[in-house]
Every structure is written in C-alpha cells, then in structure tokens.
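# Per-entry structural report
Chain by chain, the residues:
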Amino acid sequence: VQNIINLKKQVPDNVKIVAVSKTQPAEEILKVYGTGHKIFGENRVQELLYKKERLPSDIEWHFIGRLQTNKVKSLLPHVVMIHSADSYRLITVINREAEKQNLLAKCLIQFHIAREETKSGFSLDEAEAMLQSADFTNIKNIVFCGVMGMATLTDDMNMVRNEFRTLREYFTILREKYFSRNPEFREISMGMSGDYEIAVEEGSTIIRVG
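Numbering of residues starts from 1 in every chain and runs along the sequence as written. Only residues with pLDDT of at least 70 get local features here, since the model is predicted, and only at 80 or more are side-chain atom pairs given and counted; chain-wide, interface and lining totals rely on the full set of residues. Derived side-chain values reflect all non-hydrogen atoms in the structure, with water molecules and hydrogen atoms excluded from consideration.

### Overview of the packing of aromatic side chains
The description of two aromatic rings rests on the distance between their centres and on the angle between their planes. Two aromatic rings from Phe, Tyr or Trp, using only the six-membered ring of Trp, form a pair when their centres are within 6.5 Å; if the ring planes differ by under 30 degrees the pair is stacked, by over 60 it is edge-to-face, and anything between is tilted. On inspection of all chains with the given rule, the structure shows 6 aromatic pairs. Aromatic pair Phe 171 and Phe 185: ring centres 5.4 Å apart, planes at 5°, arrangement stacked. In this pair, Phe 171 sits in helix H7 (residues 157-177) while Phe 185 sits in the loop between H7 and strand S7 (187-192), placing the two residues 14 residues apart along the sequence. The classification of residues rests on relative accessible area computed with a 1.4 Å probe and restricted to protein chains. Under 20% of the type maximum is buried, over 50% is exposed, and intermediate values are partly exposed. According to the relative accessible area criterion, Phe 171 is buried, its value standing at 3%. A relative accessible area of 2% means that Phe 185 is categorised as buried. Measuring from centroid to centroid gives 4.1 Å for Phe 179 and Phe 185, while their planes differ by 5°, and the two rings are stacked. Grouping aromatic residues by their ring pairs yields a cluster made of Phe 136, Phe 144, Phe 171, Phe 179 and Phe 185. Geometry around Tyr 50 places Arg 54 over its ring, the cationic atom sitting 3.6 Å from the centre. The way it works is that DSSP assigns letters per residue, a run of H or I at least four long becomes a helix, a run of E at least two long becomes a strand, and they are numbered from the N terminus. Over a ring means this: the NZ of a Lys or the CZ of an Arg is within 6 Å of the ring centre and within 35 degrees of the ring normal.

Below, the structure is given as structure tokens:
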C-alpha cells in the first residue's frame, strides 16, 4: 500500500500507475483501493474474473499478461485495456469476439524490445506489415491506444534505457504513419517495479508496478 502512495508522489500526474495485483488476495487490493487508487493489473484471466466479482465495481482492470486466444471471449467485457496484443492472430481473435459482443476493445500493441527470447511481441517490421496489410482494414472493433514493451531483466540500466528509447521510437513511428487521426493512440506502457524511473524519463505514460 505504502509503495503505491509513495509512487503517486514520485511520478508525474500524466503517468498512470497500474498496480499489479496478481497473486494478491482481495483484502490487500482493498487496502490499496482504500487510498483512492482504482487501476489494477492482472496477468491471468481466471484470477481477474474471480477478483472482479468480489471487489468494488469501479475498479479499472487492465490485462497485462500473455493472453491465450481461447480466453479472449471471457475476458473482453471485464477489462478496460489489454496491454498484451502481441500477435496478429491474437488481434484478429480479439476483434472477432469484440464484434460478437458488440463492444470496442482497447488494446496496446506489444513489442519485443528485450534481449530475452521468452518475451513476446512484434518487431517493428512485423507491426508495419500488419498495419499495411489489406486484411487489417477489417479490424473495426479494436481501438489501438498505443504500445507496450518489457525491458530485459538485467542490472545494466543503460541497456534498459536503450530498450525503452526504442519503444518510444516505435510509438512515434506508428503514431505518425498509421494513427495520426486516432487521438486515442497516446499510451506507452513501459516500466515495472525495478525500472519504472527510467521508463518515465524515457516517456512512459503507464507503469505497471507491484
């Protein structure tokens, strides 16, 4: 709880803090909620749905984990934003399910900026190929709100800073070339508990901290 209170004093007002509540029991989330904080992030669909049923209805839930296509249908009505749209296949499934449910899904395009192969996401070439493809014009039920990326887990903060800088560059390229008429495309979700200060310096608008 104190972490979130301290963070709010440290980061600029234009930076959203997503409190990562995965594995945290409802009573711990309620303590943070009691300070006035209402944005929480989960990385498992079942856990998010379980907590959403039991916690105040004005909590803004963000999905920040790797999303399996077979879980999209049950997740969509319950989240404000999906941070991890990491493949064209997943984006087409989100779009199809959003259309069936008659809603607009807010998503961030996840980029692979880290050295680790285990992390998922687009390369810039892959994202541009998707955005330029004829099929992409069929994506009508997703509002793309920006980009997301995770830096390499390392003590080398210069490497981390360069990776965040790269994501910021990708955001700028996409906004200018593909989303110049979309005022919603304004978020850069980068920075977690160990590196959020650098992320904010490099232009992050959303940090995910636990």
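### Some points on unusual backbone geometry
Non-glycine residue Thr 23 carries a positive phi angle of around 65°. Along the chain, the position of Thr 23 falls in the loop between strand S1 (16-20) and helix H2 (26-33). Given a relative accessible area of 64%, Thr 23 falls into the exposed group. Here the phi dihedral of Asn 102 falls at roughly 55°; this positive angle occurs in a residue that is not glycine. Mapped onto the fold, Asn 102 is located in the loop between helix H5 (88-100) and strand S5 (105-111). Classification of Asn 102 as exposed rests on a relative accessible area of 71%.

So, to be careful, I would describe these as geometric facts and stop short of saying anything about function.
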